[in-house]
Amino acid sequence: MTPPRAPTEGNMSVCIGAWRKQMRDDKKEMKPVEGGMPWEDGWYGVTVPGASLETARPLYVLHPDGTMSTLRLTAAAEAALEQIDPYERDYTPLADTAAEEAVVELVRVEDGREVARESLFAEPADAFAGALSETAEWCWAAARALDRELASTMEATAHWPRASRGRRLALREARIRALLTQAANLGDLPAQERLGREAFEAGDDAEALRWLAGLTGQSALARSVLAVMGLEGRLPEEMPAPEVSPGSPWPLAQPTLRAFLRCREGVSEAAAAQRARTVDLAFGRMRRAVGLLREAAEAGYAYAQFRLARLLGGGRGEDRVAADEARRWLRAAALGGCRAAAEAVGADEAD
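Residues numbered from 1 in each chain as written. Predicted model: local features only at pLDDT ≥ 70, side-chain atom pairs only at ≥ 80, totals over all residues. Heavy atoms only, no water.

Enquirer: Whenever I open this one, the pattern of salt bridges confuses me. Can you help?
Expert: If you walk through the whole model with that rule in mind, you get 22 salt bridges. Among the salt bridges present, the one from Arg285 reaches Glu269, with a minimum N-O distance of 3.0 Å. Here the residue Arg285 occupies a position in helix H10 (residues 279-298), and Glu269 occupies one in helix H9 (residues 257-275), the gap between them amounting to 16 residues. Residue classification places Glu269 among the buried positions, given a relative accessible area of 13%. Salt-bridge contacts for Asp324 lead to Arg327; the nearest nitrogen and oxygen are separated by 2.3 Å. Here Asp324 pairs with Arg327, and both are found in helix H12 (residues 320-335), just three residues apart, close to one helical turn. Residue classification places Arg327 among the partly exposed residues on the basis of a relative accessible area of 31%. (Salt bridge = Lys/Arg side-chain N within 4 Å of Asp/Glu carboxyl O. Helix = DSSP H or I, 4+ residues; strand = E, 2+ residues; numbered from the N terminus. Buried < 20%, exposed > 50% of the residue type's maximum accessible area, 1.4 Å probe, protein only.)

Enquirer: Please explain the packing of aromatic side chains as it appears in this structure.
Expert: Remark: the centre distance and the inter-plane angle together describe each pair of aromatic rings, the angle taken between the planes. For the structure shown, the criterion picks out four aromatic pairs. Ring plane angle 40° and centroid distance 6.4 Å describe the contact between Tyr303 and Phe306, whose orientation is recorded as tilted. Of the two residues, Tyr303 and Phe306 both sit in helix H11 (residues 302-311), three residues apart, roughly one turn of that helix. Like Phe306, Tyr303 is buried. A connected cluster of aromatic rings, assembled from ring pairs, spans Tyr301, Tyr303 and Phe306. (Phe/Tyr/Trp six-rings, centres within 6.5 Å; stacked < 30°, edge-to-face > 60°.)

Enquirer: For this particular structure, what's the right way to read helix H4 (residues 136-156)?
Expert: Turn by turn, an α-helix covers 3.6 residues, leaving residues three or four places apart pointing in a common direction. Under the 1.5 Å per step criterion, the end-to-end length of H4 is 30 Å for 21 residues, consistent within 8% with the ideal 30 Å. Looking only at H4, the buried set comprises Ala136, Cys139, Trp140, Ala143, Leu146, Leu150 and Thr153. One side of H4 carries all its buried residues, which in axial view fall inside an arc of 140°. In H4, the exposed residues that point more than 90 degrees away from the buried face are Glu137, Arg148 and Glu155. Tucked inside the fold, the buried residues of H4 contact helix H5 (162-185) and helix H6 (189-201). (Expected span 1.5 Å × (residues − 1). Arc of directions from axis to C-beta. Contact = heavy atoms within 4.5 Å.)

Enquirer: What am I meant to see in the side chain of Ser248 here?
Expert: Residue position: Ser248 is located in the loop between helix H8 (220-231) and H9. Taking the relative accessible area as the measure of exposure, Ser248 reaches 18% and is therefore buried. One polar contact links the side chain of Ser248 to the main-chain amide nitrogen of Ser245, over a distance of 2.9 Å. (Polar contact = N/O pair within 3.5 Å; in protein donor to acceptor, adjacent residues only side chain to side chain.)

Enquirer: What should I look at first to understand the nonpolar core in this one?
Expert: Burial of nonpolar side chains together is a common tendency in soluble globular proteins. Within the largest apolar cluster, 44 residues are counted, with the highest numbers of intra-cluster contacts made by Met229, Phe260, Cys263 and Tyr301. Among the elements of the structure, H6, helix H7 (205-212), H8, H9, H10, H11, H12 and helix H13 (339-350) are those that each provide at least two residues to this core. No other element matches the eight residues that H8 contributes to this core. Sequence-distant contacts of Phe260, that is, excluding residues within four places in its chain, are made with Ala227, Val228, Leu231, Val244, Trp250, Pro255 and Tyr301. Counting residues in hydrophobic clusters, the runner-up holds 17 residues, among them Cys139, Ala143, Leu146 and Ile176. (Core = buried A, V, L, I, M, F, W, Y, C linked by side-chain atoms within 4.5 Å.)

Enquirer: Even after reading the chapter, I still don't get the environment of Thr256, so can you show me in this structure?
Expert: With respect to the secondary-structure elements, Thr256 resides in the loop between H8 and H9. The exposure class of Thr256 is partly exposed, given its relative accessible area of 35%. Thr256 sits 44 residues away from Gly300 along the chain, and the two C-alpha atoms are 8.9 Å apart. Within the structure, Thr256 has its side chain in polar contact with the backbone nitrogen of Ala259 (distance 3.1 Å).

Enquirer: Explain the pairing of strand E8 (residues 113-119) here, please?
Expert: A regular strand places its side chains on the two faces of the sheet in alternate fashion. Bridge count between strand E7 (residues 105-110) and E8: six bridges; the pairing is antiparallel. In the sheet register, Glu105 faces E8, and the bridge partner there is Ser119. Connecting E7 to the next strand, E8, in antiparallel fashion are two residues, including Asp111 with a positive phi near 55°. (Pairing = 2+ DSSP bridges.)

Here it is, written out as structure tokens:
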């Protein structure tokens, strides 16, 4: 349904007339379901199997991001469902998952009519449990099969509520981790690399170190991960970061090798600027540091975005242009998963 267009120019009465006509036309496009109730296209949740949308109370609306809202009607609408104006609807976000967990079916409406209905369910907690083999090959075969099953489940439940979908996916993910952990404990290098990489991407530094710290001599991925952690200050003080050169293998997707190297050089230049003996030398090094960090930041490296924001004054300097740019980079870094940036943004908002 097209939202009404507010008058913005020309004769006001003409515009208001056009606005009202648009609302009437939109309402005509709403087609009735069963007893005449008009519905917008989308998914609805009901708490009783087989319940029609006309009789379901409460009734839930499922949004594209997986969140749900309770669909409440005005008293007048409740008294005359066949005459309900869609603009009288009130969508109230659910305060917790308890109401969502009560939803047992999803109903799909297209062109004002029910076209699909499917049950929400999650397997029992022990559905994917079972003994683990003593061979890495068996563990990998089972993990790959479950990887495929996980991918198909993710696709099939893409429109489900977050909590219901999350429970189904979590069961599979937990079993895959158990299989890979078994293989890794048996000395399987690919399993150790995958567990370490996934922990690194999830921000679990201790788990990433558990699997990757001893692999620097045989794994390019381990060296790349530990190099990034070293640059970002996420390694123990006594642990040196592996050296990475422009020709080194780089199995990571984010950041790219070029972005990592530019960021590392920019951080080094900024530190050198603090030790410079003359103002001119300090200014030159700082300007180079900003350029290097900006290149890495524009490539999407969240940590470089954070360091650049800090170098530009963190959004608090007297230079308004630099301060605005710093705030933009700080927000980008927070959205990109940089924990330090998220903490800084939270502190700024609290002030």
